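Chain and residue survey
One letter stands for each residue in the lines below.
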Number of protein chains: 2
Amino acid sequence: MKTETRKDEIIKTAAKLFKEKGYSAVTMRDLATAMGMKAASLYNHINSKQEILKIIIISIAEEFTKGIEVIYNSNNNSLDKLSQVIALHVKITTNSTNEMASLNNDWMHLEGQLDHYLALRNNYEATFIKIINEGISSSEIKPVNPEIIMFTMLSTLRSLFLWIPKKEELNANDLANNLSEVLVKGINKKL
Amino acid sequence: MKTETRKDEIIKTAAKLFKEKGYSAVTMRDLATAMGMKAASLYNHINSKQEILKIIIISIAEEFTKGIEVIYNSNNNSLDKLSQVIALHVKITTNSTNEMASLNNDWMHLEGQLDHYLALRNNYEATFIKIINEGISSSEIKPVNPEIIMFTMLSTLRSLFLWIPKKEELNANDLANNLSEVLVKGINKKL
DNA sequence: TATAAAAACTAACACTTGTTAGTCTACTCA
DNA sequence: TGAGTAGACTAACAAGTGTTAGTTTTTATA
């Protein structure tokens with residue numbers, strides 16, 4: 001675990017600003033001010049604004065794709081796999097809250113790596129759907145439209161970055177458990 | 001029902017562009033090109049770029065606030081009220097898909113009306129929470145953290161604009177019913 | 001068909017954008 | 001101590017931004 005470089009600091013600061021106003025609305029001068037330096041000095045550490053976005057988004061997207069692959073190939077039943085997917089999102093979002101905002105809101109501003117990103121996302125969603133379909137086949141999961149199930153779960157999980165910062169009292173485990181309860185078992189007390 | 005003015009067309013076109021790239025990344029020249037005119041000509045119809053955003057966001061935000069008030073004051077039980085809230089989102093999002101993107105992603109770029117928007121949103125969420133709390137009191141709803149329930153439902157409902165355009169085959173009623181099934185009753189077959 | 005209003009145009013503005021070039025300073029280590 | 005390097009600076013660029021002023025064209029109506 002080597003120490004954080006100046007470049008890392010810039011990327012972290014950029015992610016925070018991108019979360020607040022979006023990639024397009026953040027200028028290199030905004031970023032420089034937040035770093036306590038002049039805009040030109042940023043270029044001693046990074047090649048372009050675009051490179052910052054690429055680093056933020058691609059690294060997290062790859063983390064998700066690898067994570068769901070491990071879960072899918074494990075020996076658990078489908079409902080447990082879904083709970084593990086929930087825990088994966090909670091964990092990554094807890095560690096990289098600001099970066100998740102860019103992943104969700106600014107992916108379309110990727111220039112060179114847009115295709116790569118979309119491939120990772122399609123891959124992720126395809127694996128997610130496979131887990132759901134296997135759960136339906138094994139009668140663990142209600143035979144509802146699997147895309148609606150995935151959409152519901154992913155909408156919630158992709159919005160976690162908005163919500164986690166406001167709920168510091170809740171630790172990651174509690175949150176993942178509560179979400180599993182609501183997302184998997186529903187909220188209706190009388191079944 | 002008077003016919004659509006040129007201003008309405010501009011706002012509708014802007015909403016479509018804002019959905020694709022976000023408010024900040026869309027230039028007046030982009031908008032003009034999409035309208036088949038020059039940027040300066042837009043100003044025969046609108047006062048500023050900011051005005052366009054304001055019109056898009058505030059009108060929809062008010063529609064939501066009024067809608068949930070009617071639902072809250074109705075004589076239904078809490079679970080039915082929640083299903084009606086789901087139907088409200090499906091209806092507004094079906095009719096104003098592109099505008100919903102701005103409401104979700106670009107509200108922070110409101111300049112003069114940011115406070116008004118935030119007041120509407122806080123009001124909406126407060127009413128939502130009241131419905132959930134009354135449902136817990138009447139034992140219709142599981143005593144899970146009410147904010148987690150709202151967060152889960154709102155995340156899904158606020159993301160509908162991303163999803164509805166891809167699912168043209170599903171009509172609004174079917175979609176609302178499916179969502180109620182998943183969001184309210186859960187996906188676990190064996191309870 | 002003449003007239004007024006609506007809506008387009010060209011040209012330009014002042015400012016902001018990402019980025020480059022070249023320079024100065026402070027620390028590291030031989 | 002002296003050389004090299006990491007990292008800051010100032011100044012400037014070319015392109016792009018929202019917007020205005022003034023003019024011409026199109027459309028509708030009397």
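Residues numbered from 1 in each chain as written. Chains lettered and ligands numbered in written order. Predicted model: local features only at pLDDT ≥ 70, side-chain atom pairs only at ≥ 80, totals over all residues.

**Thoughts on the overall build of chain A**
For clarity, the threshold we go by: Only DSSP runs of H or I with at least four residues qualify as helices, and only runs of E with at least two residues qualify as strands; both kinds are numbered from the N terminus onward. Partly exposed residues are those whose C-beta has more than 12 but fewer than 20 other C-beta atoms within 10 Å; 20 or more makes a residue buried and 12 or fewer makes it exposed, with C-beta atoms placed from the backbone. By the convention adopted here, residues make contact when the C-beta atoms placed from their backbones lie within 7 Å.
Across its full length, chain A holds 10 helices and zero strands. When its helices and strands are written in sequence order, chain A yields α-α-α-α-α-α-α-α-α-α. Principal-axis analysis of the C-alpha atoms places the extent of chain A at approximately 60 × 35 × 35 Å. Considering chain A as a whole, with its 191 residues, one finds that 36% of them fall into the buried category. When contacts within chain A are restricted to residue pairs at least 6 apart in sequence, those whose partners lie at least 24 apart make up 72%.

**Notes on the relation of the copies chain B and chain A**
Just so we agree on the cut-off: Only residues with pLDDT of at least 70 in both copies contribute their C-alpha atoms to the least-squares superposition of the copies.
For the pair chain B and chain A, the relating rotation is 180°, the translation along its axis is 0.0 Å, and the fit reaches an RMSD of 0.0 Å. Seen this way, the second copy is the image of the first under a two-fold rotation axis. Of every C-alpha in chain B, the one belonging to B:G186 sits nearest the axis of rotation, 1.7 Å from it. Take the interface residues of chain B: 100% of them recur as interface residues in chain A, which is what a same-surface contact looks like.

**Overview of the protein's contact with DNA strand C**
Short version of the rule: Any residue whose C-beta atom, as set from the backbone, lies within 6 Å of a molecule or strand is reported as near that molecule or strand. Gly counts as polar in this scheme, as do all residues outside two lists: the nonpolar Ala, Val, Leu, Ile, Met, Phe, Trp, Tyr, Cys and Pro, and the charged Asp, Glu, Lys and Arg.
Residues in contact with DNA strand C amount to 15 residues; listed here are only the nearest, A:T27, A:A40, A:S48, B:K38 and B:A40. Elements with a contribution of two residues or more to the surface near DNA strand C: α2 (28–35), α3 (39–42) and α4 (49–72) of chain A together with α3 (39–42) of chain B. Residue composition of the surface near DNA strand C, by class: six nonpolar, five polar and four charged.

**Here we look at the protein's contact with DNA strand D**
The environment of DNA strand D is made up of 15 residues, and the closest members are A:K38, A:A40, B:T27, B:A40 and B:S48. At the level of secondary structure, the elements contributing two or more residues to the surface near DNA strand D comprise α3 of chain A together with α2 (28–35), α3 and α4 (49–72) of chain B.

**Here's the deal with the interface of chain B and chain A**
Counting residues at the interface gives 34 residues for chain B and 34 residues for chain A. For the side of chain B that touches chain A, the secondary-structure elements that each account for two or more residues are α8 (146–158) and α10 (172–185) of chain B. Per element, the largest residue contribution to the side of chain B that touches chain A is seven residues, and it comes from α10(B). Residue composition of the side of chain B that touches chain A, by class: 15 nonpolar, 13 polar and six charged.

**Topic: unusual backbone geometry**
Most peptide bonds take the trans form, and the phi angle of most residues other than glycine is negative. All names here are of chain A. Positioned with a positive phi, S139 is a non-glycine residue whose angle comes to about 60°. Along the chain, S139 turns up in the loop between α7 (114–137) and α8 (146–158). For S139, a count of 11 C-beta atoms within 10 Å puts it in the exposed group.

**Things to note about the packing of α7(A) against α8(A)**
Geometrically, a packed helix pair is captured by the angle between its two axes and the distance between the axes. Residues and elements named next belong to chain A. Note the following rule: In this analysis an axis means a line fitted to C-alpha atoms, helices contributing only their contacting stretch, and an angle means the value between N-to-C directions, from 0 to 180 degrees. Orientation categories follow fixed angle ranges, with anything under 35 degrees roughly parallel, anything over 145 roughly antiparallel, 65 to 115 roughly perpendicular, and all other angles oblique. Take the far helix as your reference; a near helix turned counterclockwise from it by less than a right angle gives a left-handed crossing, and one turned clockwise gives a right-handed crossing.
Two elements in contact, α7 and α8, have axes separated by 10 Å at closest approach and are oriented at 125°. The angle between α7 and α8 places the two elements in the oblique class. Between α7 and α8 the crossing geometry is right-handed. Contacts between α7 and α8 involve E125, F128, I129, I132, N133 and I136 from the former and P146, I149 and M150 from the latter. Classifying every residue of the contact of α7 with α8 by side-chain character gives seven nonpolar, one polar and one charged.

**What about the nonpolar core?**
Rules: Structurally, a nonpolar core is described as a collection of buried Ala, Val, Leu, Ile, Met, Phe, Trp, Tyr and Cys residues joined by way of C-beta atoms within 7 Å.
By size, the foremost hydrophobic cluster in this structure holds 94 residues, and its most contacted members are A:I86 and B:I86. Ignoring anything within four residues of it in the chain, the contact list for B:I86 reads B:L157, B:A176, B:L179, B:S180 and B:L183.

**Looking at helix α1 (residues 6–21) of chain B**
The α-helix advances 3.6 residues per turn, and as a result positions three or four apart in sequence lie on the same side. Residue and element names in this part refer to chain B. The condition that has to hold: For a helix, the expected span equals 1.5 Å multiplied by the residue count minus one.
For α1, with 16 residues, the first-to-last C-alpha span of 23 Å sits near the 22 Å given by 1.5 Å per residue. Buried within α1 we find I10, I11, A14, A15, F18 and K19. Summarising the contacts, the buried residues of α1 are in contact with α2, α3, α4 and α6 (97–105). Immediately downstream of α1, the backbone of G22 shows phi near 90°, a positive value.

**Side note on the environment of B:E111**
Residue and element names in this part refer to chain B. Of note, E111 is situated in the loop between α6 and α7 (114–137). Residue E111 is classed as exposed on the basis of its 9 C-beta neighbours within 10 Å. Spatially, the C-alpha atom of E111 lies 19 Å from that of K21, the residues being 90 residues apart in sequence.

**Overview of the environment of B:S138**
One can find B:S138 in the loop between α7 and α8. Between the C-alpha atoms of B:S138 and B:N77, which are 61 residues apart in sequence, the distance is 8.9 Å.

**Quick notes on the environment of B:F161**
All names here are of chain B. On the secondary structure map, F161 appears in helix α9 (residues 160–163). A sequence separation of 57 residues divides F161 from N104, and the C-alpha atoms of the two residues are 9.4 Å apart. Residues within four places of F161 in sequence aside, it is in contact with T93, T97, M100, A101 and N104.

**Here we look at the packing of α1(B) against α4(B)**
All names here are of chain B. Close contact between α1 and α4 brings their axes to 10 Å; oriented N to C, the two are set at 85°. When the axis of α1 is compared with that of α4, the two are roughly perpendicular. Along the contact surface, α1 presents I11, A14 and A15, while α4 presents I52, I55 and I56. Residue composition of the contact of α1 with α4, by class: six nonpolar, no polar and no charged.

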